[in-house]
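# Chain and residue survey
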Amino acid sequence: MVSATCHDGKWTDMNIIPYSELAIPPNMQALHYGGALFEGMTAEWGEDGKCYVFGLRKHWERMTRGAKRLGIQFVPYEVFEQAIFKVCQQNARFIPRKGRLYLRPHGADAGKQMRVGNSRTAGFFVEVTPIGTAESYFGDVERDGNGDVKGKGLVIPTTQIRSAKGLPGDTKGIQNYGPTPVIIREACRLNVGTDEEPHRPVGLLYVDRVTDGLSDEEKLDAEIRETNASNTIFFEDLGDGRYRAVTPTLEDYDILPGNTRALILEKALERGWEVEERHITLRELMSGKFVAAGNCGTAAVFSAFDWVHFAKIDP
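Everything in this summary refers to the structure shown in the same document.

Each value, and the rule that gives it
Residues numbered from 1 in each chain as written. Predicted model: local features only at pLDDT ≥ 70, side-chain atom pairs only at ≥ 80, totals over all residues. Heavy atoms only, no water. Helix = DSSP H or I, 4+ residues; strand = E, 2+ residues; numbered from the N terminus. Buried < 20%, exposed > 50% of the residue type's maximum accessible area, 1.4 Å probe, protein only. Contact = heavy atoms within 4.5 Å. Areas by Shrake-Rupley, 256 points an atom, 1.4 Å probe, with all protein chains shown as cover. Lys, Arg positive; Asp, Glu negative; His and termini not counted. Charge placed at Lys NZ, Arg CZ, Asp CG, Glu CD. Pairing = 2+ DSSP bridges. Axes fitted to C-alpha atoms, helices over the stretch in contact; angles between N-to-C directions. Core = buried A, V, L, I, M, F, W, Y, C linked by side-chain atoms within 4.5 Å. Parallel < 35°, antiparallel > 145°, perpendicular 65-115°, else oblique. Left-handed = near helix turned anticlockwise from the far one by under 90°. Nonpolar A, V, L, I, M, F, W, Y, C, P; charged D, E, K, R; others polar. Salt bridge = Lys/Arg side-chain N within 4 Å of Asp/Glu carboxyl O.

With that settled, the discussion passes to the overall build of the chain. The secondary structure content of the chain amounts to seven helices and 17 strands. On the principal axes, the C-alpha backbone points of the chain span a range of 55 × 50 × 40 Å. Looking at the chain as a whole, 46% of its 315 residues qualify as buried. For the chain, the share of sequence-separated contacts (at least 6 apart) that also reach a separation of at least 24 residues comes to 68%. For the chain, the accessible area works out to roughly 16300 Å², and carbon and sulfur atoms hold 51% of it. Distance between charge centres in the chain, computed from 38 positive and 44 negative side chains, equals 6 Å.

Following this line, the structure appears as structure tokens:
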């Protein structure tokens, strides 16, 4: 792993160290007030035998924006690039030939301080882990009696939202992910099939409002945001092998601007498809106009989902 520390605006020498536990003070600012963020990146082998890192500068730019939002000093691009390259070189033997090396850079307000504010010390760390296919991201995949993968489904929690306009939902700050594990756990326990043929969700699909207590018609006016850890994209069939990719707009700053999302939209345009970034309601989703839907992200890549289900999960 890689570690570096910044005190009073000056970054100390970056260190390559064995994967180990971090020694931190109990009054580290990030532990008390959420001054921490992270990224998810990947490195993989190319057909030419070289190792490639996807979206290096774009990930740095997103971390820098997030760090600025949290008031944390972040490493310059040259330091970030050097850290990523070094950690890949040191762990090259762990990169699967049919998988990827998942890179997890962290930024944190690492100073000692027992009051709201920013300390004068920031920490930067990079750890890695090998991962396999996108399917492995979802763990055990349900299959039917013929061994075919069942359609993946997502739960729309009626009592929670991921973020809202004015909150830093467009950053990978830890505050955006802390509340989700318990909701995911409860959602994945649900059985929306039968006892003989159970069918369980694999994650969450957040909308822009709490829908508990609304009528069925009112619920359909809710706007789709993203899943618990990835963006969403929907496709309309335009005929003649062309499609329209439709994805929720980023204009309210409550959705993470995903780099995988951006790449998919770029590739869609290269194919001559249409692309729309706009508000999408559940009513539109339920209308049947989309022929495919999926969530996309660094770990999920692009993974189709086939159904959604409302569920009240008490906070």
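Now that the structure has been shown, the text picks up again.
Before going further, it helps to spend a moment on the sheet that holds strand β10 (residues 203–207). Taken together, four strands build an open sheet; the order of strands is β11-β10-β9-β17 and the sheet is mixed. At either margin of the open sheet sits one strand with a lone partner, and together these are β11 (224–227) and β17 (307–311). Taken pair by pair, the neighbouring strands of this sheet meet at an average axis angle of 35 degrees, ignoring direction. Taken together, the five bridges between strand β9 (residues 153–157) and β17 define a ladder with parallel strand orientation. For Pro-157, the partnering residue across the bridge sits in β17 and is Ala-311. Strands β9 and β10 of the sheet are contacted by helix α4 (residues 180–189), whose axis makes an angle of about 115 degrees with β10.

Below, the discussion takes up the nonpolar core. Counting residues in hydrophobic clusters, the biggest one holds 27 residues, and the most contacted among them are Phe-74, Phe-80, Ile-84, Leu-103, Phe-124 and Val-126. Elements with a minimum of two residues in this core: β1 (2–7), β5 (41–45), α2 (56–70), α3 (77–90), β7 (100–109) and β8 (121–131). For this core, the element with the highest residue contribution is α3, accounting for six residues. Every residue in contact with Val-126, bar those within four places of it in the chain, is listed here: Met-1, Val-2, Ala-83, Ile-84, Val-87, Arg-104 and Pro-105. Within the second largest apolar cluster, 16 residues are counted, among which are Leu-154, Leu-205, Val-207 and Val-308.

Here we take up the sheet that holds strand β15 (residues 292–297). Judged by pairing direction, the sheet is mixed, and its five strands sit side by side in the order β14-β13-β12-β15-β16 without closing on themselves. Of all strands in the sheet, those bounded by a partner on one side alone are β14 (274–278) and β16 (301–304). Sheet twist, expressed as the mean angle between neighbouring strand axes with direction ignored, is 30 degrees. Pairing geometry for strand β12 (residues 231–239) and β15, over five bridges, is antiparallel. Considered in β15, the bridge of Thr-232 is made with Asn-295.

In this section: the packing of α2 against α3. Following both chains from N to C, one finds α2 and α3 inclined at 125 degrees, their axes separated by 10 Å at the closest point. Taken together, the axes of α2 and α3 lie oblique to each other. With respect to the hand of their crossing, α2 and α3 are arranged in right-handed fashion. On α3, the residues that touch Leu-56, Arg-57, Trp-60 and Met-63 of α2 are Tyr-77, Phe-80, Glu-81, Ile-84 and Phe-85. Here the residues of the contact of α2 with α3 are counted per class, giving seven nonpolar, no polar and two charged.

As for its placement among the helices and strands, Gln-73 is situated in the loop between α2 and α3. When its relative accessible area of 41% is taken as the criterion, Gln-73 is described as partly exposed. For the pair Gln-73 and Gly-9, spaced 64 residues apart in sequence, the C-alpha to C-alpha distance is 7.0 Å. The residues touching Gln-73, leaving out its near neighbours within four places in the chain, are Cys-6, Gly-9, Trp-11 and Ala-122.

This brings us to the pattern of salt bridges. Applying the stated criterion across every chain, the model contains 24 salt bridges. Where Arg-62 meets Glu-39, a salt bridge forms, and the shortest distance between an N and an O atom there is 2.7 Å. Placement of the pair is Arg-62 in helix α2 and Glu-39 in the loop between β4 (36–38) and β5, with a sequence separation of 23 residues. Look at Arg-62 and you get buried, because its relative accessible area is 6%. Arg-278 is the salt-bridge partner of Glu-276, the closest N and O atoms lying 2.6 Å from each other. Here the residues in one salt-bridge network are Glu-236, Arg-242, Arg-244, Glu-274, Glu-276, Arg-278, Glu-284 and Lys-289, joined through shared partners.

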